[in-house]
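A structural walkthrough
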There are 2 protein chains.
Amino acid sequence: MTEACDSDPARPPRTMSRDVRRQQVIEATIETLAAHGYARTTLTQVARTAGISHGLVLFHFDTKENLLSETLAYLAEEYRRNWTEALAAAGPAPSDQLNAMIEADFNPRICTPARLAAWCSFWGEAQSRPLYQASCGDKDDAYTSILEDTCARLSDEGGYGRDPVHTARLIRVAIEGVWLDLMTMATPYAREEALCTVQMAAALCFPDHFEMRKA
Amino acid sequence: MTEACDSDPARPPRTMSRDVRRQQVIEATIETLAAHGYARTTLTQVARTAGISHGLVLFHFDTKENLLSETLAYLAEEYRRNWTEALAAAGPAPSDQLNAMIEADFNPRICTPARLAAWCSFWGEAQSRPLYQASCGDKDDAYTSILEDTCARLSDEGGYGRDPVHTARLIRVAIEGVWLDLMTMATPYAREEALCTVQMAAALCFPDHFEMRKA
DNA sequence: TTTCTGATTGACAGGTCAGTCAGTGGACTG
DNA sequence: CAGTCCACTGACTGACCTGTCAATCAGAAA
């Protein structure tokens, strides 16, 4: 019985503020989804990962369904904020903005094995649950329209004459495709390698603004 | 006791009836996965879809786990045979072969909503189940190496100087990405439109051999 | 200190599901 | 016709999981 030393002043307090506890449970849910998959994610397992009782999980989230949909919303919002901030930090040139959006998707902070696996779990269930489909779809709708706009401006600026809708779609599906690779392959290639693959697509579309890097 | 002579065509089709029933159950499993998602796929639901008792499902497949992994193997084999046959039917030119492999992935027979949804269900669980990961991975390994070889020959023939590994990967992730679109979008674009997106990627890589069609 | 409030626990109820099993029925055989 | 085989059924069991609830506990307020 080596309970954490009661004298340790750094030990987290037994009770926590509502928001802190909720975020902790959501992070535990992401970990559990990644480790066991959607079908084997139980409240008891999430609670164990978070180091609390399963009753407390329901105290904060009412139902399992609600916990999962809030977790998805959390991931979607995290994703949105990530590329929004990257876009704001990038230069005004369309090529800089396009590159910023691409690189944002491979930011080590959000492109972790656990988060990718959690996304994949939700995709697998989304088809049969309109609630999830909405979250996944909204995430993409915003991203897509900005991406199309950026591609349109870059195409105009460089005189490429590309159709922005199809160009943006190609880049977006390339990103989702390498994500799927990173998730489902037994020994996936590096995140850097994944980024290069997408940048290769951009270089093929806009050769004067992107270079074909080799991993 | 001699095994039923499944090699003897004159014999009454006792074993064949067994195979027919098994395939029927597997098709019902695919339907159920698509309609309810992996987590809500129960033996009772599969049995109801197939119009039999749930005891019979277990009679033929022993365990639920086994039913699901056999369903995945069935899908993987169906996928493999589809592109293999397409390749055999195509002309010998690398560009014909590449186009055949791409078009095969959008063959209406395998690119149905139910099958795409079933694939997605398995992807969502594969991360936490080495058994599934093997089936998904093997499927891709064979496809990838042929695709890389075809890209290499096409690149040589046309003097494109493309790196076959990265080019093949881009085309493959584009395919997987549009598949994911078709699965997760509330109102996805047409299958024909998806095919065009992938062919656009091929046209960017090999402009003298593919044309940029507009949907 | 006492009181109050809200976080936290864990036992429990209700329900679902995978897997078991004894028995049924139809087809084939002798 | 009697016997055998085997696909097939459906009631049943044991395990597990979600959600409830009364009791407990920690910290803030009075």
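**Topic: the domain arrangement of chain A**
All names here are of chain A. Split by domain assignment, chain A resolves into domain 1 (14-62) and domain 2 (72-205). Averaged C-alpha coordinates put domain 1 and domain 2 at centres separated by 28 Å. Summed over both sides, the interface between domain 1 and domain 2 buries roughly 840 Å², with carbon and sulfur atoms accounting for 70% of that surface. Its largest share of buried area at the contact with domain 2, domain 1 owes to Ile30, Leu33 and Tyr38, together 63% of the area lost on that side. Summed over the shared surface of domain 1 and domain 2, the number is 1 salt bridge.

**Overview of the protein's contact with DNA strand D**
Taken together, 17 residues surround DNA strand D, and among them Lys64(A), Arg21(B), Ser53(B), Phe59(B) and His60(B) come closest. Residue Leu43(A) places a main-chain N or O atom 3.1 Å away from a phosphate oxygen belonging to DNA strand D. Between a phosphate oxygen of DNA strand D and a side-chain N or O atom of Ser53(B), the distance comes to 3.0 Å. Only helix H3 (54-61) of chain A together with helix H3 (54-61) of chain B provide two or more residues apiece to the surface near DNA strand D. Looking at the surface near DNA strand D, the element that brings in the most residues is H3(B), giving 5 residues. Looking at the surface near DNA strand D residue by residue, the class counts come to 6 nonpolar, 8 polar and 3 charged.

**What about the relation of the copies chain A and chain B?**
Superposition record for chain A on chain B: RMSD 0.1 Å, screw rotation 180°, translation along axis 0.0 Å. Interpreted geometrically, this transformation is the action of a two-fold axis. Interface overlap between copies is the fraction of interface residues in one copy that are interface residues in the other; for chain A against chain B it reaches 100%, indicating a shared surface.

**A word on the protein's contact with DNA strand C**
Taken together, 18 residues lie near DNA strand C, and Met16(A), Arg21(A), Ser53(A), Phe59(A) and Lys64(B) sit nearest. Only H3 of chain A together with H3 of chain B provide two or more residues apiece to the surface near DNA strand C. With 5 residues, H3(A) is the largest single contributor of residues to the surface near DNA strand C. Among the residues making up the surface near DNA strand C, the classes are represented as 6 nonpolar, 9 polar and 3 charged.

**Here we look at the interface of chain A and chain B**
Each partner contributes to the interface: chain A provides 47 residues, whereas chain B provides 47 residues. A buried area of about 3900 Å², summed over both sides, lies between chain A and chain B, and 59% of it is on carbon and sulfur atoms. When residues of chain A are sorted by the area they lose upon contact with chain B, Gln127(A), His166(A) and Arg169(A) head the list and together hold 14% of the total. Scanning the region where chain A abuts chain B turns up 5 salt bridges. Where Asp181(B) meets Arg172(A), a salt bridge forms, and the shortest distance between an N and an O atom there is 2.9 Å. Summed over the shared surface of chain A and chain B, the result is 17 residue pairs in polar contact (both at pLDDT 80 or more).

**Some remarks on the packing of aromatic side chains**
Residue and element names in this part refer to chain A. Under the counting rule described, the total for this entry stands at 18 aromatic pairs over all chains. Considering the side-chain rings of Trp119 and Trp123, the 6.4 Å spacing of their centres and the 35° angle between planes classify their relative orientation as tilted. Within this pair, Trp119 and its partner Trp123 are both found in helix H6 (residues 113-126), separated by 4 residues, close to a single helical turn. Since its relative accessible area comes to 3%, Trp123 is described here as buried.

**Observations concerning the packing of helix H1 (residues 18-36) of chain A against H6(A)**
Residue and element names in this part refer to chain A. Following both chains from N to C, one finds H1 and H6 inclined at 75°, their axes separated by 8 Å at the closest point. With respect to H6, the element H1 is oriented roughly perpendicular. The segment H1 lies against H6, with Glu27, Ile30, Leu33 and Ala34 engaging Ala114, Arg115, Ala117, Ala118, Ser121 and Phe122.

**Some points on the side chain of Asp105(B)**
Residues and elements named next belong to chain B. Mapped onto the elements, Asp105 comes out in the loop between helix H5 (94-104) and helix H6 (113-126). Of the polar contacts made by the side chain of Asp105, one reaches the side chain of Tyr79; its length is 2.9 Å. At 2.6 Å, the side chain of Asp105 and the side chain of Tyr143 are in polar contact. If near-sequence neighbours (up to four positions away) are discounted, Asp105 is found in contact with Tyr79, Asn82, Cys111, Tyr143, Ile175 and Trp179.

**Comments concerning the confidence of the model for chain A**
Predicted coordinates in regions of low pLDDT should not be interpreted in detail. Residue and element names in this part refer to chain A. With 92% of its residues at a pLDDT of 70 or more, chain A shows a mean pLDDT of 91. Helix H5 (residues 94-104) holds the highest mean pLDDT among the elements of chain A, 98, whereas helix H7 (residues 130-158) holds the lowest, 92. Across residues 1-11, where pLDDT falls below 50, the model places 3 contacts with residues more than four positions away in sequence or in other chains.

**Things to note about H5(B)**
Residue and element names in this part refer to chain B. Most of H5 sits out of view: 8 of its 11 residues are buried. For H5, the full list of buried residues reads Pro94, Ser95, Gln97, Leu98, Ala100, Met101, Ile102 and Ala104. On its buried face, H5 is in contact with helix H4 (64-89), helix H7 (130-158), helix H8 (164-184) and helix H9 (191-205).

Quick notes on the rules
- Residues numbered from 1 in each chain as written.
- Chains lettered and ligands numbered in written order.
- Predicted model: local features only at pLDDT ≥ 70, side-chain atom pairs only at ≥ 80, totals over all residues.
- Heavy atoms only, no water.
- Domains from an automatic or database assignment.
- Buried area = accessible area lost by both parts, 1.4 Å probe.
- Salt bridge = Lys/Arg side-chain N within 4 Å of Asp/Glu carboxyl O.
- Near = heavy atom within 4 Å.
- Polar contact = N/O pair within 3.5 Å; in protein donor to acceptor, adjacent residues only side chain to side chain.
- Helix = DSSP H or I, 4+ residues; strand = E, 2+ residues; numbered from the N terminus.
- Nonpolar A, V, L, I, M, F, W, Y, C, P; charged D, E, K, R; others polar.
- Least-squares fit on C-alpha atoms with pLDDT ≥ 70 in both.
- Contact = heavy atoms within 4.5 Å.
- Phe/Tyr/Trp six-rings, centres within 6.5 Å; stacked < 30°, edge-to-face > 60°.
- Buried < 20%, exposed > 50% of the residue type's maximum accessible area, 1.4 Å probe, protein only.
- Axes fitted to C-alpha atoms, helices over the stretch in contact; angles between N-to-C directions.
- Parallel < 35°, antiparallel > 145°, perpendicular 65-115°, else oblique.
- pLDDT = per-residue confidence, 0-100.

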